Structures are given as C-alpha cells and as structure tokens.
Amino acid sequence: MLSLLTRSAIYGVIVAAVLLFAVPSLRTSQLIPDVSLVQFETKESLLSYNYAVRRASPAVVNIYTRRYSNENRLQLNAEGLGSGVIMSDKGYIVTNYHVVARADQIIVALQDGRISTAQLVGKDLRTDLAVVKVDLEDLPVIPFNDSYDPSVGDIVLAIGNPYNLGQTTTFGIISATGRPGMSFNQRQDFLQTDAAINRGNSGGALVNSRGELVGINTASFQQATDIDTYGISFAIPYSLTVKIMQKLIADGRVIRGYLGVEGREVNQVMARLLDAEQVKGVLIASVAPNGPAEKSGLKVNDLIVEIDGKPINSFRYALDIVADTRPGTVIPFKVIRDGKPIEVMVTIGEDPAR
C-alpha cells in the first residue's frame with residue numbers, strides 16, 4: 001500500500017513538471033506579474049529651493065498694526081497686516097510705508113516665536129518704504145549680495161504672511177526690471193515678478209535661489225476695471241531699499257536734492273538744431289520759477305551733458321544724481337548753450353515733495 005502511494009506521488013510530480021514545461025502560462029512568474037520598479041542611481045541632487053527658504057525665512061517677520069479708537073483714545077483696535085525684513089542685527093526692519101503709515105502701535109512677530117513692539121524710525125511715501133526697530137538680541141539677518149544684479153528670467157521667491165495664514169513662500173521669476181510709474185512720483189524703478197503677492201505680503205522679502213535679498217515686495221497690479229489680473233507684482237530693488245533705509249536711519253526721513261526743471265532726452269535731430277556735436281544729454285524744457293535751477297542760471301533749451309563730472313544720458317539719471325545730493329551743495333553742470341559748452345555752478349535745493 002505504501003509503495004502504491006509513493007508511486008502515485010512520484011507520478012503526480014512528473015506530470016506537473018511536464019505541464020509546466022509544456023504550458024508556460026501555468027508558471028508562477030506568469031500567474032503573478034512582476035511589479036518591481038527599477039531604481040536608477042543618480043548623483044544629481046533633488047531640484048529644490050528649500051535651502052534658499054531656510055536661509056531667508058527666519059529674517060522675514062509678521063507685522064501687525066493698531067490704531068487708537070476714535071471713541072476712546074485709550075483703546076487700540078486692530079488695523080493692518082503686513083510683513084517685514086530684518087536688515088541688521090541691531091534690530092532695524094524694513095517694511096512698506098503703507099503697512100505702518102497710520103499705525104499708533106506696531107507689533108512684530110518673529111518666526112522663532114518672539115513678539116515685540118517696534119518703534120517707527122522713519123517712512124518714505126515716494127518709495128513706499130519704512131524702517132522700524134525692535135530691541136531684541138540674536139536676530140536673524142537676511143542674506144545680502146551686493147554684486148547680484150537682478151535680470152529678467154531669474155528665479156525668485158516671495159516670502160511673507162498673506163492674509164495672516166502664517167509665513168508662506170511663492171515662486172516665480174523676474175518678469176521685468178526698471179518698471180516706472182508704480183510709485184508716488186512715478187519715477188522709481190521697480191522689479192516686476194509673477195510670484196504671487198497678496199495682502200499681508202507687503203514688506204516681505206523677494207529673494208533669489210540662494211536666499212539673498214532681491215527686493216521688498218510692495219504691491220500687485222490692480223486695474224481700474226473689473227478685469228482680473230494675475231502674475232503681475234512689484235518689488236522695490238535691494239539697492240534702492242538699502243539707500244533709503246540708511247537715509248531714514250540717519251535723518252528719520254529722506255532728504256532729497258531738488259533742481260526744479262523738466263527735461264527730455266536729446267536725439268540726433270534735436271542735437272543738430274541745437275548745434276551740439278554730441279547726441280547724449282538732457283534738454284531743459286521748462287524751469288520752475290524761483291527754483292534752484294533758475295536761481296543758479298540754468299535756462300530753457302540748455303542741453304545738460306554732465307552733472308558733477310558724470311555724463312548724462314537720461315533725464316531719470318540726472319534726477320537721481322540731484323536727488324542723492326545733499327541740499328545746499330554746489331555742484332558743476334556742464335551744458336551746451338547756443339552751441340557752446342559752458343559750466344554753471346548750481347546750488348541744489350531741497351525737494352518740497354515728501
């Protein structure tokens with residue numbers, strides 16, 4: 001009996017082996033598909049901006065403002081929401097003018113959980129910048145790179161506190177540089193980006209892929225129509241931000257030089273009419289009565305070719321040189337008048353616009 005069972009088992013194994021060999025579809029590997037994934041090894045690192053965010057985000061703060069109640073001067077009501085950037089370990093924080101302009105109390109919240117009231121150092125409507133100061137130690141400072149020159153196509157990250165959701169980072173590129181007409185006097189050159197900037201992002205940091213400060217976020221484009229616009233936001237360039245910050249810390253306001261002229265860039269036709277050999281410069285179109293230009297002897301149709309030894313090729317550049325000159329300073333202007341070069345010593349005035 002035992003030998004019969006043994007023979008039957010051996011016979012069964014032989015039959016199964018023959019079937020598996022003759023019919024491949026019965027093999028186990030065919031019944032259970034191979035779903036293992038091939039792992040490719042690579043030395044390339046994961047594309048991420050985590051490093052940039054970790055470098056920059058601790059220095060981006062939330063700013064809350066409060067105003068006294070009209071009914072009760074002792075009662076403070078919540079007023080505004082914005083962001084700011086720690087620019088110095090001495091506690092100086094840059095934000096937007098419109099974030100703190102009407103504030104009676106400014107509160108700063110750091111990402112490490114610390115909260116402090118802040119003192120307003122100064123504000124400038126023209127550039128929409130303001131500086132506040134907190135008295136805290138061991139402050140994280142935003143990374144700088146003075147040699148970085150923003151270019152169209154550069155990747156940028158906007159860091160701020162939109163709608164008080166908490167610190168948020170959005171992603172985009174620099175869409176354009178030197179955008180005029182976005183500020184109070186329509187002369188400042190702003191950076192345009194498609195990184196989302198919403199309410200609460202104002203005053204936050206725009207950084208590059210290394211986490212270095214590119215600019216201060218200020219506004220998104222709004223039309224005076226019902227048409228929605230997306231991907232058009234603006235930031236104040238880092239270089240302008242630092243210049244204004246230093247002036248606000250020094251004087252509490254921005255003291256700008258003033259000339260009192262309107263002008264336009266000269267072209268070849270105008271140069272020929274003016275008997276001028278060169279085609280670069282600014283033609284004075286009008287002179288403000290009793291202004292610094294008129295008092296110093298500059299006249300309509302004078303062609304300004306140099307200011308304080310610096311060649312002039314645009315009206316904007318001429319205004320920038322004047323604005324950066326301390327009022328009361330006397331500087332030489334080289335002009336072409338009646339086809340002849342002359343030098344006029346001009347005493348720079350103070351810009352009446354604040």
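Residue numbers run consecutively from 1 along every chain, following the written order of its sequence. The predicted origin of the model limits local features to residues at a pLDDT of at least 70 and limits the giving and counting of side-chain atom pairs to 80 or more, whereas totals for whole chains, interfaces and linings rest on all residues. For the side-chain quantities, the full set of heavy atoms in the structure was used; hydrogens and water were omitted.

Before going further, it helps to spend a moment on the pairing of strand β12 (residues 233-237). Within β12, five of the five residues are buried, which leaves it mostly tucked inside the rest of the structure. Here strand β9 (residues 190-193) runs beside β12; their pairing, made up of three bridges, is antiparallel. Bridge pairing in β12 places threonine 193 opposite serine 233. Whether a residue is buried, partly exposed or exposed follows from its accessible area with a 1.4 Å probe, protein chains only, as a fraction of its type maximum: under 20%, in between, or over 50%, in that order. Every helix listed is a DSSP run of H or I at least four residues long, and every strand listed is a run of E at least two residues long, numbered separately from the N terminus. DSSP calls a pair of strands paired once it identifies at least 2 bridges connecting them.

Once that is clear, we can look at the pairing of strand β7 (residues 155-160). With five of six residues buried, β7 lies mostly within the body of the structure. In the sheet, β7 pairs with strand β10 (residues 205-208) via four bridges, with the strands oriented antiparallel. From the neighbouring strand, isoleucine 159 faces β10, where its bridge partner is alanine 205.

Moving on: the UniProt feature "active site" (unreviewed entry) in the protein chain. In the numbering used here, UniProt assigns the "active site" (unreviewed entry) feature to His98, Asp128 and Ser202. A maximum C-alpha distance of 10.0 Å is found for the annotated residues, which run over 105 residues; spatially they form one tight group. By secondary structure assignment, the location of histidine 98 is in helix α4 (residues 97-100). The contact criterion used is simple: two residues touch if any of their non-hydrogen atoms lie within 4.5 Å. If near-sequence neighbours (up to four positions away) are discounted, histidine 98 is found in contact with Asp128, Ser202 and Thr218. With respect to the helices and strands, aspartate 128 occurs in the loop between β5 (115-124) and β6 (129-133). Setting aside its immediate chain neighbours within four residues, aspartate 128 contacts Thr95, Asn96, Tyr97, His98, Thr218 and Ile236. UniProt positions are given in the numbering used here, feature names are shortened, and annotations may be inferred rather than shown by experiment.

Below, the discussion takes up the pattern of salt bridges. Salt bridges are defined by distance alone: a side-chain nitrogen of Lys or Arg within 4 Å of a carboxyl oxygen of Asp or Glu. This model, assessed by the stated rule, comprises 11 salt bridges. Here aspartate 324 ties to lysine 247 by a salt bridge, and the two come within 3.4 Å at their closest N and O atoms. In this pair, aspartate 324 is assigned in the loop between α8 (315-323) and β18 (330-337) and lysine 247 in helix α5 (residues 238-251), connecting sequence segments 77 residues apart. Look at aspartate 324 and you get partly exposed, because its relative accessible area is 41%. Look at lysine 247 and you get buried, because its relative accessible area is 19%.

Considering the arrangement of structural elements, one finds proline 341 in strand β19 (residues 340-347). Separated by 38 residues in the primary sequence, proline 341 and leucine 303 have C-alpha atoms spaced 9.1 Å apart. Those residues within four positions of proline 341 in sequence are excluded, and the remaining contacts are Lys334, Val335 and Ile336.

Take the nonpolar core next. Each nonpolar core is a collection of buried residues, namely Ala, Val, Leu, Ile, Met, Phe, Trp, Tyr and Cys, held together in the definition by side-chain atoms within 4.5 Å. Counting residues in each nonpolar core, the largest one holds 41 residues, and the members touching the most others are Met87, Val108 and Ile142. Among the elements that line this core, the one with the most residues is α5, at six residues. Two domains share this core, each providing at least three of its residues, namely domain 1 (59-134) and domain 2 (154-251). Aside from chain neighbours lying at most four places away, what touches methionine 87 is Tyr92, Val94, Val141, Ile142, Phe144, Leu213, Thr241, Val242 and Met245. The split of the chain into domains comes from an automatic or database domain assignment.

Topologically, threonine 325 is positioned in the loop between α8 and β18. Beyond its immediate chain neighbours, meaning those up to four positions away, threonine 325 contacts Arg256, Gly257, Ile331 and Ile348.

Looking at the element boundaries, leucine 129 is found in strand β6. Residue class for leucine 129 comes out buried when judged on its relative accessible area of 2%. Taking the C-alpha atoms as reference, leucine 129 lies 8.6 Å from isoleucine 216; in sequence the two are 87 residues apart. When residues no more than four places from it in sequence are discounted, the contact partners of leucine 129 are Val94, Thr95, Asn96, Tyr97, Lys123, Asp124, Ile216, Ile236, Leu240, Thr241, Ile244 and Leu248.

Attention now goes to unusual backbone geometry. Of note in the backbone geometry, aspartate 128 takes a positive phi value of approximately 60° without being a glycine. Residue aspartate 128 is classed as buried on the basis of its relative accessible area, which comes to 13%. Not every positive phi belongs to a glycine, and aspartate 338 is a case in point at roughly 55°. Among the secondary structure elements, aspartate 338 is positioned in the loop between β18 and β19.

A few words now on empty space enclosed by the protein. Cavities and pockets were defined on a 1 Å grid built over protein atoms only: a cavity is a set of grid points that admits a 1.4 Å probe from which the probe cannot escape, a pocket is an open set flanked by protein on both sides within 12 Å along at least five of seven lines, and lining residues are those with an atom within 4 Å of any such point. Grid points are joined across faces, edges and corners, and a volume is the space filled by probe spheres set on the points. By the definition in use, this model includes one cavity of 30 Å³ or more. Taken together, Leu259, Val261, Val282, Ile304, Ile307, Phe315, Ala318, Leu319 and Val322 make up the full set of residues lining the largest cavity. Going through the elements one at a time, β16 (303-307) and α8 are the ones with two or more residues in the lining of the largest cavity. Counting residues per element, the lining of the largest cavity draws most heavily on α8, at four residues.

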